[in-house]
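# Architecture at a glance
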Amino acid sequence: MLKVVKLGGAVITFKESYKNLRKDVLSRLLKEIAQYYLETGTCIVLVHGGGSFGHAVVSECLKRVGYIDPSCYAATADAMDQLSGFVRGIAIELGLPAVSIAPRSVCTISSGSTVCNLDVFRKLISRGLVPITYGDVVYSDKGFEVLSGDTLAWLLTRELEAGELIFVTDVDGVYDRDPKLDSSARLIREALARDVLGYLTESLFQADVTGGMRGKLLEGLRLGVRGVKVKVVGGFIEGNLYKALVSDSFRGSIIWY
Ligand code: IPE
């Protein structure tokens, strides 16, 4: 069974500080993935977010130019390649046969929907490689747009028929209210996607430009993902990602699609 793992940008970078990697957290998470991969040989696709690399560059461009012009596109692509280079370098050192695949080479956006040719993923996975991909800038019918790592993770899950999708986030799972704003927020341990979306109101979850927790979960339903176990896992707890990879006993939430 294939597993897709998305490492949130807020977990692997310091979001408020320009192009600043959380190297210790990233290394630990990759170590947990490598341990699991080397023990079980399970096929894995790794997706990572933009954090203070991609997001910071795009936000600056949008403020300055108002849209993603060719210079913004190039600078954002470069920032994401830098970040993915760090992820790949550490992954390879840890024994993962990792290779980066740039979404801008295989995906486009047309009338708001993303179309990707994922053949290269299928081929590399079938030969034992661990593809690393990420949120990126892509060609669109409106010019250029950001394709979020979350959207890509859902598409990979659907198209490659993954059995599990694991979101590694800076919160410890899905809460009924925003835990950053409300200390009485309750962690949802396990639920059906359509039920959980009823608890989360839009206004409480606007964590970042790509939509926060509600948007993350809603997107899977919008994209017609079915028969998948989705785990939302706290990334700052040592050993937690490994636990989520091998079992259902971890700090976080299980959401069924
Ligand atoms: C964003 O990807 C990529 C760019 C801005 C180019 P994500 O939306 O997946 O990033 P995070 O996880 O929120 O940082």
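Please refer to the structure placed before this passage.
What counts, and where the lines are drawn
Residues numbered from 1 in each chain as written. Predicted model: local features only at pLDDT ≥ 70, side-chain atom pairs only at ≥ 80, totals over all residues. Heavy atoms only, no water. Near = heavy atom within 4 Å. Polar contact = N/O pair within 3.5 Å; in protein donor to acceptor, adjacent residues only side chain to side chain. Areas by Shrake-Rupley, 256 points an atom, 1.4 Å probe, with all protein chains shown as cover. Helix = DSSP H or I, 4+ residues; strand = E, 2+ residues; numbered from the N terminus. Phe/Tyr/Trp six-rings, centres within 6.5 Å; stacked < 30°, edge-to-face > 60°. Buried < 20%, exposed > 50% of the residue type's maximum accessible area, 1.4 Å probe, protein only. Lys NZ or Arg CZ within 6 Å of the ring centre and 35° of its normal. Pairing = 2+ DSSP bridges. Axes fitted to C-alpha atoms, helices over the stretch in contact; angles between N-to-C directions. Contact = heavy atoms within 4.5 Å.

In the region of the ligand, 19 residues are neighbours, and K6, G9, G50, G51 and G149 sit closest. In this structure, an oxygen atom belonging to the ligand sits 2.8 Å away from a main-chain N or O atom of G50. Between the ligand and G51 there is a distance of 2.8 Å, counted from an oxygen atom to a backbone nitrogen or oxygen. Against a free-state accessible area of 400 Å², the protein chains account for coverage of 96% of the ligand. If you list the elements that add at least two residues to the shell around the ligand, you get α3 (51-64), α4 (70-93) and α7 (149-159). Here the element with the most residues in the shell around the ligand is α3; it accounts for three residues.

So, on to the packing of aromatic side chains. Inspection of every chain in the model, using the stated rule, returns four aromatic pairs. Ring centres of Y73 and F144 lie 4.4 Å apart, and the angle between their planes is 45 degrees; on these two criteria the pair is classed as tilted. With Y73 in helix α4 and F144 in strand β8 (residues 143-147), this pair connects stretches of sequence that are 71 residues apart. By relative accessible area, which is 18% here, Y73 ends up buried. A connected cluster of aromatic rings, assembled from ring pairs, spans W154, F167 and Y257. Taking the ring centre of F250 as reference, the NZ or CZ of R189 above it sits at 5.0 Å.

What follows concerns the sheet that holds β8. The sheet built from four strands is open, its strands ordered β5-β4-β7-β8 with mixed pairing. Of all the strands in the sheet, the pair left with one neighbour each is β5 (113-116) and β8. With strand direction ignored, the average angle separating the axes of adjacent strands in the sheet is 40 degrees. In terms of strand pairing, strand β7 (residues 136-140) meets β8 through five bridges, oriented antiparallel. Bridging from a neighbouring strand, V138 pairs with E145 of β8. Taken strand by strand, α4 contacts β7 and β8, and its axis lies near 140 degrees from that of β7. Across the sheet, α7 touches β4 (107-110), β5 and β8, and the angle it forms with β5 is around 55 degrees.

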